[in-house]
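Tertiary structure, described
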2 protein chains.
Amino acid sequence: MRIITANEFLTNFQARTILLDEFFEQEEKVKEIVRQVYLERDEALLKYTRLFDCPVCELDELVVSEEEIDLAYRWCEENEPDFLKAIRKAYENIKEFHEKQIEKSWFYNTSNGSTLGQIITPLKRVGIYVPGGRASYPSTVLMCVIPAKVAGVEEIVMVSPPDRQGRLNKYILTAARICGVEKIFKVGGAQAIAALAFGTKILPKVDKIVGPGNIYVALAKKLLFGVVDIDSVAGPSEIAIIADESANPRFIAFDLLAQAEHDPLARTFLITNSNQLASKVSEEIQKLLFEEPNEVASKSLEKYGLIILVEELNQAINVVESISPEHVELICKNWEELWANIKSAGAIFIGEFSPEAIGDYIAGPNHVLPTQGTARFFSVLGVHDFIRRTSLIKYSKTDFLENYKHAVNLARAEGLHFHAKSLEVRNENVSKRTGQTF
Amino acid sequence: MRIITANEFLTNFQARTILLDEFFEQEEKVKEIVRQVYLERDEALLKYTRLFDCPVCELDELVVSEEEIDLAYRWCEENEPDFLKAIRKAYENIKEFHEKQIEKSWFYNTSNGSTLGQIITPLKRVGIYVPGGRASYPSTVLMCVIPAKVAGVEEIVMVSPPDRQGRLNKYILTAARICGVEKIFKVGGAQAIAALAFGTKILPKVDKIVGPGNIYVALAKKLLFGVVDIDSVAGPSEIAIIADESANPRFIAFDLLAQAEHDPLARTFLITNSNQLASKVSEEIQKLLFEEPNEVASKSLEKYGLIILVEELNQAINVVESISPEHVELICKNWEELWANIKSAGAIFIGEFSPEAIGDYIAGPNHVLPTQGTARFFSVLGVHDFIRRTSLIKYSKTDFLENYKHAVNLARAEGLHFHAKSLEVRNENVSKRTGQTF
C-alpha cells in the first residue's frame, strides 16, 4: 500500500463521484432494456433472462416454487447446520436492532382545538434485488428484508438472476425462507428492475426497490426513480481505519484485505499517526497476499489502497470527512475524543473487537450502507426506508377564524385567487350563520 | 366536471406515472446543460442564465447581495405589512410543527457490554430550488428552509431564476431573509441544479437539493441523483375531496378551483355518495368560472376534473388509494371511520375548516408533498429529509467471542475468505494472550 501524508492527501484527493460520461454511455443500453420491458412485459423479461443469464429458462420457471425453496432449505439443514444456526442468530440480532427504529404516528392539539400530526404508514409492496454470481450474499437478504418486515410491509418480492441452468443460490433461498419473503423470481439486471417498477403478468409491481447490484441495476434504478422509489445508487465500497501504535497490525491488515476482496474498485484507507504501524501493516499485507494470493484484493489495494500519515490522530477526522466512507473503524486509545466528530460515514466501528465483518453479519445494524462517498448525504438502510409520512390537519373553527386572514394574505401575494377565496368563503359562511362579522 | 361511478373509475383509471418517452426526449437537452456546467462551471452558468432568463446579467450579479435583500425586506415593511405579519405567523407555526419531527441519536448496550446505536447528523449544506414566474411562491421558501434549519443544517443555498431585468421576486427575498437563508443566487433551471451538484467558483456544492420546479429542473435532479441527494421528482398536483350531503358545495367548489388554478395539468377529484352534492358542486364551479374566468383552472377541470359517485362513502377509500393523491380532504360526517384507512396520500385535511389552503400556508405541516400518484411511496418533506443516519458498533470481547463463529460461517458461505480471517485472527490472538482456547 502506498504511504502518503494527510496534507498530500487532502490537496490531491477528489471524492469519487459517479463519472458522468461513463454513466451516460451505459445508460443507452439500460434505457433500451427498460423500454422493452415497459412495452412487452413478460416477453421481454424472458428474452433478456435467456440472453444474459439462463438460455434454457421458460417463463413459468422464472417464478420460484415452494418446492425449490423447500429443497434448498432442507439441503442446508442436512449439510450446513452451522450456516443455518448462524443465519438464525443473525436474524435475531438484526431484528432486535431494527425494532428500535420503529416510528409511531403522532398528533397534538393546539390551544384552539385543532389537531395536527404525522401518520406513519408502511409501504405496501417492496422489491429486493439480490445480485447473482460472486456477489450473491445471503446476509444481504436479511439486511434488506428484516427492516421492511419490521416496518410492516405486507409483501416482499425478491428478484435474483439465475445461473446458466436456471437455479438460484441455495443459501439465498434459505435466507429468504427464514425471513419470510412472499415471492421470489429468477430475474436479474435492468430487466428485473423494470419489471418491478411496471409490473408484468407474473411479477407484481412494487412501491420501492432496494438492494445492491451492478452498474446496470444501479442505472435502471436511477432511470426509474419516480416511477418507483429506490434506496440509493450503490457503487464500490470503502473502509477507512483510524489507528494508533496500540493497534494490532495483523487485525488491520485483515480488515483492509476483507474490504479489498469485495471488488477491484473497493477503496481502503489506513489513517495513522504511527510510522511503525504504517510499515507493519504494509508488510503484513504483502506477507498475507504472498501466502494466500487473491487477485481482486491485490488489484484493489494496489490501485485504491492508501496509508495516510497524520501528525495527530484528530487530523484523521478531516481526512475521513473528505472521503465520507461507507465504513470507519477506530482502533486507537483516544477513540472517545474522535468518534463524535465523524459526521460523514455509513457506519462507525469502535475497538479491536469490532471489525467490519462483525457488523456485516451478526452485530445487528444494517450492512447496506452509502458507498462511493455518498455518506455525505445518504444513510444506512433501515425501517425509515419502508414507511411513508402523511400529514394530518384537522383545523378548528377557532383556529381557522384566528388564522385564515394570514393565509389569505399569503395567497394574494402569490397571485392565487381561488386559494384566497376558498378561505374567505368559509369566513363569510360563518358570519352569515351567526350574523357576526369576523 | 364530468361525473362517473366508482366502478367506471376503478376499471379505467390509470395512476399517472411519468411517461417514459416524454421523459427520455427532454432528457437530452437537460443532459447537455448538465454536461456544460460540469465542464465549464461559472461560464456555463452565466451562458444559460443569459439565454433562458436575463440577457443582461453579469456573473457577479448572479450572487444576490445583502443590499438587494434589505431593499426587498424594507419594501415589504413599508408596503406589505400584512404580508410580513402573515409570513411571520406562518414561520412560527411551521417551526413549531417541524420541531416535533426532530430525531435523536440512540444507543443501547447488550447484556455482554457491547454498544449499538444510530447516530443522527444534520446534512452540512443544502440547496433550495425556488421556481420563478407564475409558480414563484414565498410560502415554499418557508416550507423548504424551516425543516432544514430545524434539522441543524449549517448552510442553506437558495437558487431562483431572475426575470429579464435580473431581479428576484421581492416576496421570495423577504421570506428567505425571515428564514435566515445564508446564500442566494439568481440562477434557475437545469443549470442551477447542476451548479448545486458540482459547485462552481461563485456557487458552493451542496449535499442535497430540495424544492419544486418545472420538467427541466425535475430531470436535472433525477439525472444528478447520486452525485447529490434530492427530495423527489415533482410533478403536477392533485386533490381528492371525500364529501357527503352535509358538505357545503360552495366550499368544495372553491377547494377544487384552488387546486385547478395551479396548473392546467393539476388533477381534481370529488368523491361523494350524494348525487345532489355532485350536481351542486358542478353547477357552482360553472357559476364561479363564469363570474371570474380563469383559463388555467378551466383547462385543468375540463381535462382532469372528475366527480366520482360511490354507493357508500367507505368505497371512497379504494378510489383514493388508486389515485394516491397529494391532498385528501374529508368533509363528511363519518370522517372518523374513514381517515385511518387512507394509506396513500401526502396530507389529509379533516372537516370544513381545513381547506387545503390553510395547510398550504399557515397550519404548520409542510406543503411540499408527493405528487403525481407518488404518495404510494414518497413522503411529505420534513426534518427527516435533512439528516443522515450512521450506525455505531462497539462490540465487546465477550460478545465477539460468543458470536464471531456465526459470522465466520456466514462469510465462508459467501466465499469471503478474508472476512472470515479478520474474525478468526482476533480469536487466535485472544487465545494466545490468555493461553485458552475458545
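These lines cover the structure that appears in this document, whether it is placed above or below. All values reported here derive from a predicted model rather than from experimental measurement. (Residues numbered from 1 in each chain as written. Chains lettered and ligands numbered in written order. Predicted model: local features only at pLDDT ≥ 70, side-chain atom pairs only at ≥ 80, totals over all residues. Heavy atoms only, no water.)

**What to know about the overall build of chain A**
Heads up, the rule is: The numbering of helices and of strands both runs from the N terminus, where a helix is a DSSP run of H or I of at least 4 residues and a strand a run of E of at least 2. Under the scheme applied here, a residue whose accessible area is under 20% of the maximum for its type counts as buried, over 50% as exposed, and between as partly exposed, the area being computed with a 1.4 Å probe on protein chains only. Contacts are residue-level and defined by heavy atoms, with any inter-residue pair within 4.5 Å sufficient. Neither His nor the chain termini are counted; the positive set is Lys and Arg, and the negative set is Asp and Glu. Taken as the charge location is NZ of Lys, CZ of Arg, CG of Asp or CD of Glu.
Counting secondary structure elements, chain A contains 17 helices and 14 strands. If you line up chain A on its principal axes, its C-alpha atoms span 95 × 60 × 45 Å. Every one of the 438 residues in chain A was classed for burial, and the buried ones make up 63%. Here the contacts in chain A between residues at least 6 apart in sequence split such that 75% fall between residues at least 24 apart. Across chain A, the mean location of the 49 positive side-chain charges is 9 Å away from that of the 61 negative side-chain charges.

**Structural notes on the pattern of salt bridges**
The condition is simple: One side-chain nitrogen of Lys or Arg within 4 Å of one carboxyl oxygen of Asp or Glu is enough to make a salt bridge.
A full pass over the atoms with the stated rule returns 50 salt bridges over all chains. For the salt bridge of E92(A) with K89(A), the shortest nitrogen-to-oxygen distance reads 3.5 Å. Separated by 3 residues within a single helix, E92(A) and K89(A) lie in helix 5 (residues 81–99), roughly one turn from each other. On the basis of relative accessibility, which here comes to 24%, the residue K89(A) falls in the partly exposed class. For the salt bridge of R412(A) with E424(A), the shortest nitrogen-to-oxygen distance reads 3.1 Å. Placement of the pair is R412(A) in helix 16 (residues 397–413) and E424(A) in helix 17 (residues 417–434), with a sequence separation of 12 residues. Here the residues in one salt-bridge network are E27(A), E28(A), K31(A), E27(B), E28(B) and K31(B), joined through shared partners.

**With respect to the interface of chain B and chain A**
Much of the literature gives interface size as the accessible area that the parts lose upon coming together. Operational definition: The term buried area denotes the loss of accessible surface (1.4 Å probe radius) that occurs when two parts are joined, taken as the sum for both partners. Polar contacts here mean pairs of N or O atoms no more than 3.5 Å apart (in protein, one a potential hydrogen donor and the other a potential acceptor; neighbouring residues in sequence count only if both atoms are side-chain atoms).
Facing the 130 residues of chain B at the interface are 129 residues of chain A. Buried surface at the junction of chain B and chain A, summed over both partners, amounts to about 12100 Å²; 64% is from carbon and sulfur atoms. Connecting chain B to chain A are 8 salt bridges. For E27(B), the salt bridge goes to K31(A), with nearest N and O atoms at 2.7 Å. Linking chain B with chain A are 59 residue pairs in polar contact (both at pLDDT 80 or more).

**Quick notes on the pairing of strand 12 (residues 327–331) of chain A**
Residues and elements named next belong to chain A. Inclusion rule: Strand pairing is assigned whenever DSSP identifies at least 2 bridges connecting the two strands.
For strand 12, the tally of buried residues reaches 5 of 5 residues, placing the bulk of the element in the interior. Of the two faces of strand 12, the one holding H327, E329 and I331 and the one holding V328 and L330 are both buried throughout. Two strands pair when backbone bridges link them, and strand 9 (residues 238–243) and strand 12 are joined in this way by 5 bridges, in the parallel orientation. What sits directly across from I241, in strand 12, is E329. Here 4 bridges tie strand 12 to strand 13 (residues 347–350), and the two strands are oriented parallel to one another. Bridging from a neighbouring strand, V328 pairs with I348 of strand 13.

**Some remarks on the sheet that holds strand 5 (residues 155–159) of chain A**
All names here are of chain A. Taken in spatial order, the 5 strands of this open sheet run 6-5-4-7-8, and their pairing is parallel. Whereas interior strands pair on both sides, the edge strands pair on one side only; in this sheet they are strand 6 (183–185) and strand 8 (229–230). Note: strand 4 (residues 125–129) against strand 7 (residues 208–210), 3 bridges, orientation parallel. Bridging from a neighbouring strand, G127 pairs with I209 of strand 7.

**So, the sheet that holds strand 1 (residues 2–5) of chain B**
For clarity, the cut-off: In this description, a line fitted to the C-alpha atoms serves as the axis of each element, helices being fitted only across the stretch in contact, and the angle between N-to-C directions of two axes falls anywhere from 0 to 180 degrees.
Ordered by their spatial adjacency, 9 strands build an open sheet running 2(A)-3(A)-14(A)-13(B)-12(B)-9(B)-10(B)-11(B)-1(B), and the pairing between neighbours is mixed. At either end of the open sheet lies a strand with only one pairing partner, and these are strand 2 (106–109) of chain A together with strand 1 of chain B. Averaged over all neighbouring strand pairs, the angle between strand axes comes to 20°, with direction disregarded. Here strand 2 of chain A pairs with strand 3 (residues 115–122) of chain A via 4 bridges, running antiparallel. Considered in strand 3 of chain A, the bridge of N109(A) is made with T115(A).

**Let's talk about the relation of the copies chain B and chain A**
Rules: Least squares is used to superpose the copies, and the fit set is the C-alpha atoms of residues whose pLDDT is at least 70 in both copies.
Note on the copies: chain B fits chain A at an RMSD of 0.0 Å, the axial shift is 0.0 Å, and the rotation between them is 180°. Here the copies are linked by what is in effect a two-fold axis. Minimal C-alpha separation from the rotation axis in chain B is found for K222(B), amounting to 3.7 Å. An overlap of 98% is found between the interface residues of chain B and their copies at the interface of chain A, pointing to a shared contact surface.

**Examining the side chain of S324(A)**
Residue and element names in this part refer to chain A. You can see S324 is positioned in the loop between helix 13 (316–323) and strand 12. Accessibility expressed as a relative area gives 2% for S324, which makes it buried. The contact partners of S324, leaving out residues within four places of it in the chain, are E238, S344, G373, T374, A375 and R376.

Interpretation in functional terms is not warranted from these geometric data alone.
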